[in-house]
Amino acid sequence: MVDLEKAPPARSREGEPVPRADGEGCLVVAVRLPVRIVALVLVLPVRMAWDALVVAGRFLRDTVLRPVGRALAWLGRALFVWPLVGLWRYVVVPVAKGVGWLGKVLLVVPAVWVYRWVLTPVGRALAWCCAGVGAVLTALGRGLYAGLAWLARYLVVVPAGWLYAWVLTPIGHLLAWCGRGLARCGRGVLWCLGKAVTGIGAVLYWTLRILLVLPALAVWRWVLAPVGRALAVVGRELLDALGHAWRIAGHLSRAVGRALAALFRWTVAEPARWVYRSVLTPVGHAVRDTVLRPLAEAARAAGRAGRQALRSARLSVRQARADLRRTLFGEPERPPSVDRREPSGAKARTLGSSTTALTKD
């Protein structure tokens, strides 16, 4: 909220007022309140429109975009992911395994056999031959190196040492003495040039300082710095005013939204709920108890009667078909029935009595 009252000045431990660190004056404090009011008037419609767009966007996201996204995701899986997974699992992988097995049988195994039984013996034989040739070449190289080293020592090194000791060394000493003399002359010339350059640099320094640096420093100190401080204060106040206006507009927008929600609830939602509970629910129960349930019972009774009629018709048709078959083809022959339910003790007694009758006979 906007602070309409002036804040009391800060005081030290001794009770003396402490000057503000930002150097705000009475003009800044007097301008702050109108600026914040104007910013609030300008920002409030923007904040309310922003909050309305946020609410609409959330409603659209929850009711439209999220279900559509889920449907599109399922459709994408059904159209692309599952066919590709099936193709990979049931086509590509078996074909790759078959090709790998064929490659192993047709290429790897013969290549290993050729390497083990052909290339390895040939390579060992070539290595042995190369070792012998290398030993011969090494011996020849050592002899040639010894001869060339002796020739180089007595044809190059010894004459070069004599030339360095008796010719190049005296000439080098002479050139070094001449170079030291030239260096002394050069140092003198450089000292003179340095003094001249120092004097010219001092003149140019003071000229540039008086003509450029001091005026620029005065402009910076007495013009640009105060203007920059004023602009900084104005910009800070504008930003603070916009921040306060945005927060206050948020509170007002939230209050307006709550008022509209309460108005909608008490004008639409609560009457609709009361109508549903007090009118539609009893009417629906009465319709269910007086109309729908009797209709359902009548429909179930009609269904049971229809099923019984169909069962009786099927039995009648089956009986007529059996009578027609007996009329045309006669009674079918029936195999002699065997009483399989006679107990084992009675069967044993029957067998014993028949055996006794045969013995008597």
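All figures in this text were calculated on a predicted structure; none of them were measured in a lab.

Enquirer: Looking at this structure, I do not really get the overall build of the chain. What am I missing?
Expert: Secondary structure summary: the chain contains two helices and zero strands in total. Within the span of the chain, comprising 361 residues, buried residues form 5% of the whole. The contacts in the chain between residues at least 6 apart in sequence include a share of 68% that link residues at least 24 apart. Per element, the accessible surface of the chain, about 31000 Å² overall, is 72% carbon and sulfur.

Enquirer: Explain a positive patch on the surface here, please?
Expert: Taken together, the side chains of Arg304, Arg307, Arg311, Arg314, Arg318, Arg321 and Arg325 present a region of like positive charge at the surface. Mapped onto the elements of the fold, Arg314 is located in helix α1 (residues 26–329).

Enquirer: In this structure, what is going on with the layout of surface pockets? I would like to understand it.
Expert: It is the rolling of a water-molecule-sized probe over the atoms that shows where space remains empty. For the second largest pocket, the calculated volume is near 230 Å³. Lining of the second largest pocket is provided by Arg47, Met48, Asp51, Ala52, Val55, Gly250, Ser253, Arg254, Val256, Gly257 and Leu260. Its residues placed into classes, the lining of the second largest pocket shows five nonpolar, three polar and three charged.

Enquirer: Got a minute to help me understand the packing of aromatic side chains in this structure?
Expert: The way to describe two aromatic rings as a pair is by their centre distance and the angle between their planes. Under the definition given, this model contains three aromatic pairs. Pairing Trp74 with Trp82 gives two aromatic rings, centres 6.2 Å apart and planes at 90°, and the pair type is edge-to-face. The class of Trp82 is partly exposed, set by a relative accessible area of 47%. Seen from their ring centres, Trp150 and Tyr154 are 5.2 Å apart, and the 50° between their planes marks the pair as tilted. Placement of both Trp150 and Tyr154 in helix α1 is noted, with a separation of four residues, approximately one turn of the helix. Residue Trp150 is classed as exposed on the basis of its relative accessible area of 53%.

Enquirer: I'm lost on the pattern of salt bridges in this one. Help?
Expert: One pass over the structure, following the stated rule, counts seven salt bridges. Here Arg66 ties to Asp62 by a salt bridge, and the two come within 3.8 Å at their closest N and O atoms. Linking Arg66 with Asp62, this pair stays in helix α1, spanning four residues, or about one helical turn. The class for Arg66 is partly exposed, based on a relative accessible area of 40%. With a relative accessible area of 39%, Asp62 lands in the partly exposed category.

Enquirer: Explain the confidence of the model for the chain to me, please; I cannot follow it from the model alone.
Expert: In regions of low pLDDT, the predicted coordinates are not meant to be interpreted in detail. Residues of the chain with pLDDT of at least 70 account for 83%, and the chain-wide mean is 82. Here residues 357–361 scores under 50 on pLDDT; set against residues more than four positions off or in separate chains, the count is zero contacts.

Enquirer: I tried to follow the side chain of Ser253 on my own but got confused; where do I start?
Expert: Relative to the helices and strands, Ser253 resides in helix α1. The residues contacting Ser253, other than those within four sequence positions of it, are Arg47, Met48 and Asp51.

Enquirer: Can you walk me through the nonpolar core in this structure?
Expert: Core analysis: the largest hydrophobic core is formed by five residues, namely Ala39, Val43, Ala241, Ala245 and Ala249. Apart from the residues lying within four places of it in its own chain, the contact partners of Val43 are Leu242, Ala245, Trp246 and Ala249.

What counts, and at which threshold
- Residues numbered from 1 in each chain as written.
- Predicted model: local features only at pLDDT ≥ 70, side-chain atom pairs only at ≥ 80, totals over all residues.
- Heavy atoms only, no water.
- Helix = DSSP H or I, 4+ residues; strand = E, 2+ residues; numbered from the N terminus.
- Buried < 20%, exposed > 50% of the residue type's maximum accessible area, 1.4 Å probe, protein only.
- Contact = heavy atoms within 4.5 Å.
- Areas by Shrake-Rupley, 256 points an atom, 1.4 Å probe, with all protein chains shown as cover.
- Patch = residues over 30% accessible without salt bridge, like charges linked within 9 Å, V, L, I, M, F, W, Y side chains within 5 Å.
- Salt bridge = Lys/Arg side-chain N within 4 Å of Asp/Glu carboxyl O.
- Lys, Arg positive; Asp, Glu negative; His and termini not counted.
- Charge placed at Lys NZ, Arg CZ, Asp CG, Glu CD.
- 1 Å grid on protein atoms, 1.4 Å probe; cavity = no way out; pocket = protein on both sides within 12 Å on 5 of 7 lines; lining within 4 Å.
- Points joined across faces, edges and corners; volume = space filled by probe spheres on them.
- Nonpolar A, V, L, I, M, F, W, Y, C, P; charged D, E, K, R; others polar.
- Phe/Tyr/Trp six-rings, centres within 6.5 Å; stacked < 30°, edge-to-face > 60°.
- pLDDT = per-residue confidence, 0-100.
- Core = buried A, V, L, I, M, F, W, Y, C linked by side-chain atoms within 4.5 Å.

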